[in-house]
Amino acid sequence: MSPLLANIALSALDDHFVQQWQQQMATDYQRAKRKRAGLANWRLVRYADDFVVMVSGERHHAEALREEVAAVLAPLGLRLAPEKTRVVHIDEGLDFLGFGIRRMRKRGTSKHVVYTVPSKKAIQSIKDTVKAKTSRSTLHMAVDELIVSLGASLRGWATYFRHAVAKDVFGHIDQYAWRRLTKWLRCKHRIGWKQLRRRFCDRGWRIAYKGTVFTGAASVKVTRYRYRGSTIPTPWTPTPAATIG
């Protein structure tokens, strides 16, 4: 399903859950009251046809909401994909839009916090891109052309994940890319390590050629996302009453 069609079709899902939320869970008092009564509180987070229902409650509450979602989608001719639909605890973690989201103990403390990192699938995806760009089939490319292309892919990927806990991951990806690039250079020019360093490195082992320097994912600054609460307009934000002049 294309993002446009998904947004049109799944607007019914948004309307269903927004209406319930505004009626039953819009205030702290309502949420606390439901919790005392043994009921669950929840929020729907959706991007195109990917969505997560976050539940503050028990497993049976989440399973009931899954059935409710299925019932809302059925009249639209849509159904949940069984292989992509799971009920998981936040401590087990889940993948959403390329991010791995999981609650873990903060190192050196007894406090548990939710960490967001690039998922294993996303990491493997960029590694596959690097591998394809530095395969034998690309040996015809000019060195500076490959450096530019490879760096652009790495920085683009890192920009998407720059708000995650990703500094170490970026370094790991760059090390992998550097190994692939040096292997490609040695194969293309049939040279050893000493010649490679003399011809294609400027500072230490940094790859550079004809003024083009290899800069990868680690060149993208990691800025942890700051929670902004209700200051970001969403379908869940109550519409202010109209002022009649």
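The structure we're discussing is the one just above.
Residues numbered from 1 in each chain as written. Predicted model: local features only at pLDDT ≥ 70, side-chain atom pairs only at ≥ 80, totals over all residues. Heavy atoms only, no water.

Our focus in this paragraph is the overall build of the protein chain. For the protein chain, the helix and strand inventory stands at 8 helices and 7 strands. What you see for the protein chain is a C-alpha radius of gyration of 24 Å, clearly larger than the 18 Å of a compact globule of 245 residues, by over 25%. If one aligns the C-alpha atoms of the protein chain with their principal axes, the spans along those axes are about 75 × 50 × 45 Å. Counting only residues that meet the buried cut, the protein chain has 31% of its 245 residues in that class. Working note: accessible area of the protein chain is about 16,300 Å², and carbon and sulfur atoms make up 54% of it. (Helix = DSSP H or I, 4+ residues; strand = E, 2+ residues; numbered from the N terminus. Rg over C-alpha atoms; globule rule 2.2 N^0.38 Å. Buried < 20%, exposed > 50% of the residue type's maximum accessible area, 1.4 Å probe, protein only. Areas by Shrake-Rupley, 256 points an atom, 1.4 Å probe, with all protein chains shown as cover.)

Attention now moves to the sheet that holds strand 5 (residues 112-118). Pairing in this open sheet of 3 strands is antiparallel, and the strands run 3-4-5 from one edge to the other. Each edge of the open sheet is held by one strand with a lone partner, namely strand 3 (94-96) and strand 5. With direction set aside, neighbouring strand axes in the sheet form an average angle of 30°. Note: strand 4 (residues 99-105) against strand 5, 7 bridges, orientation antiparallel. Its bridge partner being in strand 5, Gly 100 is matched across the sheet by Val 117. (Pairing = 2+ DSSP bridges. Axes fitted to C-alpha atoms, helices over the stretch in contact; angles between N-to-C directions.)

Glancing now at the pattern of salt bridges. Under the definition given, this model contains 6 salt bridges. Glu 63 is the salt-bridge partner of Arg 59, the closest N and O atoms lying 3.1 Å from each other. On the criterion of helical spacing, the pair formed by Arg 59 and Glu 63 is a turn pair, its members being 4 residues apart in helix 4 (residues 59-73). Taking relative accessible area as the criterion, Glu 63 reaches 29% and is therefore assigned partly exposed. One salt bridge connects Asp 91 with Arg 103, and the closest N-O pair in it is separated by 2.7 Å. Here Asp 91 is found in the loop between helix 4 and strand 3, whereas its partner Arg 103 is found in strand 4, with 12 residues between them in sequence. Judged by relative accessible area, Arg 103 falls into the partly exposed class, the value being 31%. (Salt bridge = Lys/Arg side-chain N within 4 Å of Asp/Glu carboxyl O.)

Bringing the packing of aromatic side chains into the picture now. Summed over all chains, the structure comprises 10 aromatic pairs. On the basis of an interplanar angle of 15° and a centroid distance of 6.1 Å, the ring pair of Trp 178 and Trp 193 is categorised as stacked. Placement of the pair is Trp 178 in helix 7 (residues 167-189) and Trp 193 in helix 8 (residues 193-200), with a sequence separation of 15 residues. These aromatic residues form a ring-pair network of at least three members: Phe 99, Trp 157, Tyr 160, Phe 161 and Phe 170. (Phe/Tyr/Trp six-rings, centres within 6.5 Å; stacked < 30°, edge-to-face > 60°.)

Now for a nonpolar patch on the surface. Together, Leu 4, Leu 5 and Ile 8 give the surface a local cluster of nonpolar side chains, amounting to about 330 Å² of exposed area. Assignment of secondary structure puts Leu 5 in helix 1 (residues 3-9). (Patch = residues over 30% accessible without salt bridge, like charges linked within 9 Å, V, L, I, M, F, W, Y side chains within 5 Å.)

Turning to the packing of helix 2 (residues 11-24) against helix 4, a few remarks are in order. For the pair helix 2 and helix 4, the least separation of the axes is 10 Å and the interaxial angle reads 130°. Judged on the interaxial angle alone, helix 4 and helix 2 are oblique. Handedness of the crossing formed by helix 2 with helix 4: right-handed. Seen from helix 2, the contacting residues are Ala 12, Leu 13, His 16, Phe 17 and Gln 20; seen from helix 4, they are Leu 65, Glu 68, Val 69 and Val 72. (Parallel < 35°, antiparallel > 145°, perpendicular 65-115°, else oblique. Left-handed = near helix turned anticlockwise from the far one by under 90°. Contact = heavy atoms within 4.5 Å.)

Let's shift gears to the pairing of strand 2 (residues 50-56). As paired elements, strand 1 (residues 41-47) and strand 2 share 7 bridges and run antiparallel to each other. Paired with Arg 46 across the two strands is Phe 51, which belongs to strand 2. The loop that links strand 1 with its antiparallel partner strand 2 comprises 2 residues; one of these, Ala 48, has a positive phi angle of about 55°.

All right, on to unusual backbone geometry then. A positive phi angle, close to 50°, is found at Arg 190, a residue other than glycine. Its place among the elements puts Arg 190 in the loop between helix 7 and helix 8. Residue Lys 210 is not a glycine yet carries a positive backbone phi of 55°. Relative to the helices and strands, Lys 210 resides in the loop between strand 6 (208-209) and strand 7 (212-213). Residue Lys 210 is classed as exposed on the basis of its relative accessible area of 66%.

These figures come from the coordinates and say nothing about function on their own.
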